[in-house]
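Read off the chains here:
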Amino acid sequence: MARHMQSNPTSAVPTAATSVLEVRDVTKTYGGHGVTTHALNGINLTIAAGEFVALMGPSGSGKSTLLNCIATIDAPTSGTIMLGGTDVSRISRSRLADFRREKLGFIFQDSNLLDSLTARENIALPLTIGRVPAVQIETDVVSAAASLGIEEVLDKYSYQMSGGQRQRVAAARALVTNPQLVLADEPTGALDSKNAKLLLESLESMNQSRGATVLMVTHDETAASYCRRVLFIRDGRVFTELDRGSDTRHAFFERIMQVVAVQGGVDDAR
Amino acid sequence: MLAKLAFGNMRKLLHDYAVYFLTLVLGVAVFYAFNTISVQGDFLRGDVGATLKQVGQILDGLTVFLAVVLGFLMVYANNFLMRRRKKELGLYQVLGMRTGQVNVVLALETLIVAAISFGVGIALGALVSQVLLFVTARMFETTVQHFSFFFSADALLLTLKCFGVIFVVMMVFNWLTLRRVRLIDLMSSARQNEKQFVRWVPLAVALAVVGLVLMGVAYWRLTRDGFPTSGSASSQEAFYVTMVMVIVGTFAFFYGLAGALTALLTHLRGFYWRDLHMFTTRQIASRVNTTALSMGVIALILFFAMTAMTTGMSICNAINAMTKQGIPYSASISVLPRDGGEDPIDLESEVAKAGVDLSKVGRHATARIAVIESELSGEASSYQRMSNLTGESIPNGFEHVMVGEVVSVSDYNALRGLLGMDPVSLEDGQYLLLCNMDHAKEFVNKALEKGFTATIGETTLTPARSTVIDDAVVLQDTSAGLTPGIYVVPDSVAATLPTYFNVIDVMYSGSTEERDAALKGLEDKLADNLKGRAALVGVETATSVLADGTSSTGLISYMAIYIGFVLVIACAAILAIQQLSNASDASGSYRTLSELGCSDRLIFGSLRSQVVLAFVLPLIVGMAHSLCALGVINDLVSALGYSDMISNMTLGLGLFALVYGGYLALTYRMAHGIVRSAVRTTRRVL
């Protein structure tokens, strides 16, 4: 892509002030030569600032592809993805890394902590890359760690921590730059139920206290029930969605279970 | 089926570890090329050819030694690769392959690698050896007389034997690795490999400091004591202590370095908390910890290789210079009588009796060289007495020098006349001193200034000049024209001393080849005629001395380049393999960095720092050792009258830099490829 077109992402057309993410008619096609797979089939969705949204769907439904496209790791075949008012497909390759670092936070299924670094250093990584002054790095790291309750493991290496602690360190790393959107890809996938609960509560409080916008891909109805809204996707498009409204978490969980059962994707999803 | 698996694995291995393959090929090529030297002789002048045959025999021995070294390094590299493949080997067994079948796969792989690298290596070696022929010709100062493509079956066989043994040892090690480990360890080995080495920082810092101090003290000791040239037991012992200090210091330094480095850098907050400095530091630290042993070994081997290469080169140059200095005459005929007092030999008439008419060969002059017997016994050497007189200490390497040769002033002037120089004059009761060794001159001149008296025979003489004579010092052609001191005394004084040897020096009139031919066979005839009367008869022509000189320098250069080259590629290969494995181990980290929004510039900058440091750290340590040792060696070599060492290291250093730098560049390129593909690959989630 030519650089001059997108050297100034802020000049792109802004969308509604409150929406952080807008996905419009996005398709993604793999393959060619007769055999093509439509991973995304004209999907549409909007996420407002401060939302905590779950994305559910069976294997092969296209949710990972969507996440990769939003994360600017993959590019859609057609359609637009607006993130904080910027069309991500129009960001030049050389600016992509900066964009990712400044606007997005990632939490993966396996925490992906760098094993040669301590927790403190892992959390600080996005800041050091962004050349934030050393003094500010220190305070930012401590406050992010405090909001996830991991102050006591800051000087440990990843192999000295439990899986849950590792995931919360990864969450702190995703948060520390105060990104517009935190993308969580099966963050509880590798955790036992107790640690999963701890992490989800942390994400929930992070969402509430820091106002962080979170989009979480998950298989797990329990995990989804911590969110304010759940999007179900299937065959590359949004199939239905649920709003928690004033439900208790338990009630919301039951509603999610119903949708999953109706969808007939129980077996697929497990 | 097993063969297909082995072939598939090989393709992957050749792709991922091209450096390993390259090293095997280079090893084979170098072994073959250097061992063709005896065959190369067939293309060169007869006498050089004969010398080359001898050189070839010596190189055979060296090849075995280098094969052992290279073998160790290759086995190490192979084990390293095996460790990384544990999981794959475990998978085969989980899928139901018997250990024996896995062994067959591994053996097949080794065989394929061996066959390919051997074939390519020999082909490359055959090409290199053609070029080497011309290098050899230059080195031995002759020309290639009739060139045609040649191939040496002997060299092929020797290379085959060496590498055959290496590959068999590799197979045995593979087999042992497979036998020793349990399946569960094989499968979980990836996790084990990731375990980080933590160290207590103060201990690490202390280790690094102790290492540095030990190395420093060892340098100081070496510079103070020099090499144990005197041969006394205590100096030998002191030298061994120095060597142990260097070795222990090197290892301690590398073991402590990681911790010390991290401790230091974490305190430089502005640096540490910026860009990927933190990541780079930690990566290197975790690596230096686990590879401290290999870094230490590599530093020491590099030290040895660099010292051997440069010393070899400079010794050659010193020998060449000495040889040129040592042959002012066209030819010298000399004889050592068994009893110069009772049965003197009239050399001129003996030569005539042997059928050589010297007047037809050219101009000549005869000299009788006498000897001071007290000097030979070493009781009161002239240098020792000079030192007593002036209070200066005897220069390094001259402690056991004897100044025992005496020549009469008329004989000396005759030799000067032969060389076309003005005669010197000498009063009764005076002497002159000949000396052409730069390191000794100053010391001797000081003694002469103070009026150093020499007792020769019954007479005590005083110096006629306050400086030594250094323009015509060599009394006969020799391979080393180095003279720490010869007394020139009045004829009457010389006459009282017994004869040491008689010499006739000749300056040819006419073509050198014809005159050389005229003197051919003279040595044998003289030896026959003087049997029982002479202890030693020698006829040296400038041509033959020069040929001897070039053959020894040729041999030394050959060995130096050979040793240096093999050791350097072995070290560089190990570093390369380690770096590539590290890069692929850390590929997940690089991908994470990229996903976190780290620019390619920073990622590859970090990778570059890591690779470069891994190559440069042992190089710096090895180079420091080497510079210290070379400084001392330089003193020794220059004591032999040749002091321009550094400028002549260029070829050796250039070759070294080319090979080592080449490996560094190649490693970075390949590591770059590994990391790039890791960064580009999208993370796939279920």
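Parameters at a glance
- Residues numbered from 1 in each chain as written.
- Chains lettered and ligands numbered in written order.
- Predicted model: local features only at pLDDT ≥ 70, side-chain atom pairs only at ≥ 80, totals over all residues.
- Heavy atoms only, no water.
- Contact = heavy atoms within 4.5 Å.
- Buried area = accessible area lost by both parts, 1.4 Å probe.
- Salt bridge = Lys/Arg side-chain N within 4 Å of Asp/Glu carboxyl O.
- Polar contact = N/O pair within 3.5 Å; in protein donor to acceptor, adjacent residues only side chain to side chain.
- Helix = DSSP H or I, 4+ residues; strand = E, 2+ residues; numbered from the N terminus.
- Buried < 20%, exposed > 50% of the residue type's maximum accessible area, 1.4 Å probe, protein only.
- Domains from an automatic or database assignment.
- Axes fitted to C-alpha atoms, helices over the stretch in contact; angles between N-to-C directions.
- Parallel < 35°, antiparallel > 145°, perpendicular 65-115°, else oblique.
- Left-handed = near helix turned anticlockwise from the far one by under 90°.
- Nonpolar A, V, L, I, M, F, W, Y, C, P; charged D, E, K, R; others polar.
- Pairing = 2+ DSSP bridges.
- Expected span 1.5 Å × (residues − 1).
- Patch = residues over 30% accessible without salt bridge, like charges linked within 9 Å, V, L, I, M, F, W, Y side chains within 5 Å.
- Areas by Shrake-Rupley, 256 points an atom, 1.4 Å probe, with all protein chains shown as cover.
- Lys, Arg positive; Asp, Glu negative; His and termini not counted.
- Charge placed at Lys NZ, Arg CZ, Asp CG, Glu CD.
- Right-handed = clockwise from strand over helix to strand, strands pointing away.
- Disulfide = S-S within 2.5 Å.
- Phe/Tyr/Trp six-rings, centres within 6.5 Å; stacked < 30°, edge-to-face > 60°.
- pLDDT = per-residue confidence, 0-100.

Points about the interface of chain A and chain B
Counting from both sides, the interface comprises 36 residues of chain A and, opposite them, 30 residues of chain B. Between chain A and chain B the total buried area reaches about 3,200 Å² when both faces are included, carbon and sulfur atoms providing 56% of it. Counting across the interface, chain A meets chain B through 2 salt bridges. Notably, a salt bridge pairs B:Arg282 with A:Glu121, separated by 2.8 Å at the nearest N-O pair. Where chain A meets chain B, there are 8 residue pairs in polar contact (both at pLDDT 80 or more). Every element with two or more residues in the side of chain A that touches chain B is listed here: α1 (63-70), α2 (93-103), α3 (119-129) and α4 (134-148) of chain A. Counting residues per element, the side of chain A that touches chain B draws most heavily on α3(A), at 6 residues.

Looking at the side chain of B:Asp275
Take B:Asp275: it is sitting in the loop between α12 (269-272) and α13 (277-326). On the basis of relative accessible area, B:Asp275 is assigned to the buried category, the value being 8%. Side-chain polar atoms of B:Asp275 contact the side chain of A:Arg131, separated by 2.7 Å. If near-sequence neighbours (up to four positions away) are discounted, B:Asp275 is found in contact with A:Thr128, A:Ile129, A:Arg131 and B:Leu602.

Focus: the domain arrangement of chain B
For chain B, the domain assignment lists domain 1 (1-191) and domain 2 (326-544). Inter-centroid distance (C-alpha atoms) of domain 1 of chain B to domain 2 of chain B is 55 Å.

Here's the deal with the environment of B:Val165
Residue and element names in this part refer to chain B. Mapped onto the elements, Val 165 comes out in helix α7 (residues 153-180). Residue classification places Val 165 among the exposed positions, given a relative accessible area of 53%. The sequence separation of Val 165 and Ala 67 amounts to 98 residues, and the corresponding C-alpha distance is 9.0 Å.

Comments concerning the packing of α4(A) against helix α5 (residues 163-175) of chain A
Residues and elements named next belong to chain A. Across the interface, α4 lies against α5 with an axial gap of 9 Å and an inter-helix angle of 130°. It follows from the interaxial angle that α4 and α5 lie oblique. Regarding α4 and α5, the two cross each other, and that crossing is right-handed. Note on element contacts: α5 touches α4 through Arg 168, Ala 171, Ala 172 and Leu 175, opposite Ala 144, Ser 147 and Leu 148. Looking at the contact of α4 with α5 residue by residue, the class counts come to 5 nonpolar, 1 polar and 1 charged.

Here's the deal with unusual backbone geometry
Residue and element names in this part refer to chain A. Phi angles above zero are rare outside glycine, and Arg 131 is one such case at about 60°. Of note in this structure, Asn 178 is not a glycine but carries a positive phi near 50°. Note that Asn 178 resides in the loop between α5 and β7 (181-185).

Re the sheet that holds strand β6 (residues 104-107) of chain A
Residue and element names in this part refer to chain A. The sheet built from 6 strands is open, its strands ordered β6-β7-β8-β3-β9-β10 with mixed pairing. The sheet is open, and its two edges are formed by β6 and β10 (237-243), each paired on a single side. Each adjacent strand pair in this sheet contributes to an overall mean axis angle of 20°, direction not counted. Pairing between strand β3 (residues 52-56) and strand β8 (residues 214-218): 5 bridges, direction parallel.

Notes on helix α6 (residues 193-209) of chain A
Between its first and last C-alpha, α6(A) extends 24 Å over 17 residues, near the 24 Å set by a 1.5 Å rise per residue. Along α6(A), the residues classified as buried are A:Asn195, A:Ala196, A:Leu199, A:Leu200, A:Ser202, A:Leu203, A:Glu204, A:Met206 and A:Asn207.

Here's the deal with a negative patch on the surface
Taken together, the side chains of B:Glu523, B:Asp524, B:Asp528, B:Glu540 and B:Asp548 present a region of like negative charge at the surface. For B:Asp548, the location among the structural elements is in helix α23 (residues 542-585).

Digging into the pairing of β8(A)
Within a regular strand, the side chains alternate between the two sheet faces. Residues and elements named next belong to chain A. Where burial is concerned, most of β8 is hidden: 5 out of the 5 residues are buried. Across 4 bridges, the pairing between β7 and β8 is parallel. Note that in β8 the partner of Asp 185 across the bridge is Val 217. In this region the chain leaves β7, passes through α6 and returns to the parallel neighbour β8; the handedness of that crossover is right-handed.

A word on the side chain of B:Ser589
Note that B:Ser589 resides in helix α24 (residues 587-595). If sequence neighbours within four positions are ignored, B:Ser589 has contacts with A:Leu114 and B:Phe279.

Points about the environment of B:Ile369
By the element assignment, B:Ile369 lies in strand β2 (residues 362-371). Between the C-alpha atoms of B:Ile369 and B:Thr291, which are 78 residues apart in sequence, the distance is 63 Å.

Examining the pattern of salt bridges
Pairing between side chains of opposite charge can happen when their charged atoms approach one another. All names here are of chain A. Evaluated as defined, the whole model comprises 21 salt bridges over all chains. Measuring nitrogen to oxygen at the nearest pair gives 2.4 Å for the salt bridge that ties Arg 255 to Asp 247. Residue classification places Asp 247 among the partly exposed positions, given a relative accessible area of 25%. When salt bridges with common partners are traced through the structure, they connect Arg 95, Asp 98, Arg 101 and Glu 102 into a single cluster.

Let's talk about the state of the cysteines
Residues and elements named next belong to chain B. Counted under the stated rule, the structure contains 0 disulfides over all chains. Lacking any disulfide linkage, Cys 162 is separated from the closest cysteine sulfur, that of Cys 571, by 19 Å. For Cys 162, a relative accessible area of 10% gives the class buried. Accessibility expressed as a relative area gives 1% for Cys 571, which makes it buried.

A look at the packing of aromatic side chains
Residues and elements named next belong to chain B. One pass over the structure, following the stated rule, counts 13 aromatic pairs over all chains. Centre to centre, the rings of Tyr 383 and Phe 443 are 5.5 Å apart; their planes meet at 45°, and the pair counts as tilted. Highlighted residues: Tyr 383 in helix α17 (residues 382-390) and Phe 443 in helix α19 (residues 438-449), separated in sequence by 60 residues. You'll find Tyr 383 and Phe 443 in the same group, each marked buried. Ring centres of Phe 615 and Tyr 660 lie 5.5 Å apart, and the angle between their planes is 70°; on these two criteria the pair is classed as edge-to-face.

Let's talk about the sheet that holds strand β6 (residues 459-463) of chain B
For sheets, the rule is that strands pair by backbone hydrogen bonds, running either parallel or antiparallel. Residues and elements named next belong to chain B. Taking strand neighbours across the sheet as the criterion, the 9 strands line up as β5-β6-β4-β7-β3-β2-β8-β1-β9 in an open arrangement whose pairing is mixed. A single partner strand is all that each edge strand has here, and the edge strands are β5 (454-456) and β9 (534-541). Ignoring strand direction, the axes of neighbouring strands in this sheet form an average angle of 30°. With 3 bridges connecting them, β2 and strand β3 (residues 405-408) associate as antiparallel partners. When the sheet's bridge partners are listed, Val 371 is paired in β3 with Glu 405. Packing against the sheet, helix α18 (residues 409-418) makes contact with β2, β3, β4 (430-434), β7 (486-489) and β8 (499-508), and its axis sits at approximately 150° to β2.

What to know about the packing of α17(B) against α19(B)
In helix packing, the relevant descriptors are the interaxial angle and the interaxial distance, both defined with respect to the helix axes. Residues and elements named next belong to chain B. Relative orientation of the contacting elements α17 and α19 amounts to 60°, with a least axis distance of 9 Å. It follows from the interaxial angle that α17 and α19 lie oblique. Seen along the crossing, α17 lies across α19 with a hand that is left-handed. Here Tyr 383, Met 386, Ser 387, Leu 389 and Thr 390 of α17 come into contact with α19, specifically with Ala 440, Phe 443, Val 444, Lys 446 and Ala 447. Within the contact of α17 with α19, the residues separate by chemical class into 7 nonpolar, 2 polar and 1 charged.

Comments concerning the pairing of β3(A)
Residues and elements named next belong to chain A. With respect to burial, β3 is a largely interior element, 5 of its 5 residues being buried. Of the two faces of β3, the one lined by Phe 52, Ala 54 and Met 56 and the one lined by Val 53 and Leu 55 are each fully buried. Relative to strand β9 (residues 229-234), β3 runs parallel, the two sharing 4 bridges. Looking across to β9, one finds that Ala 54 is bridged to Val 230.

Here's the deal with the confidence of the model for chain B
Residue and element names in this part refer to chain B. In this model, chain B carries a mean pLDDT of 81, and residues with pLDDT of at least 70 account for 91%. Here residues 189-198 scores under 50 on pLDDT; set against residues more than four positions off or in separate chains, the count is 15 contacts. As scored by the predictor, the complex reaches a pTM of 0.74 and an ipTM of 0.76.

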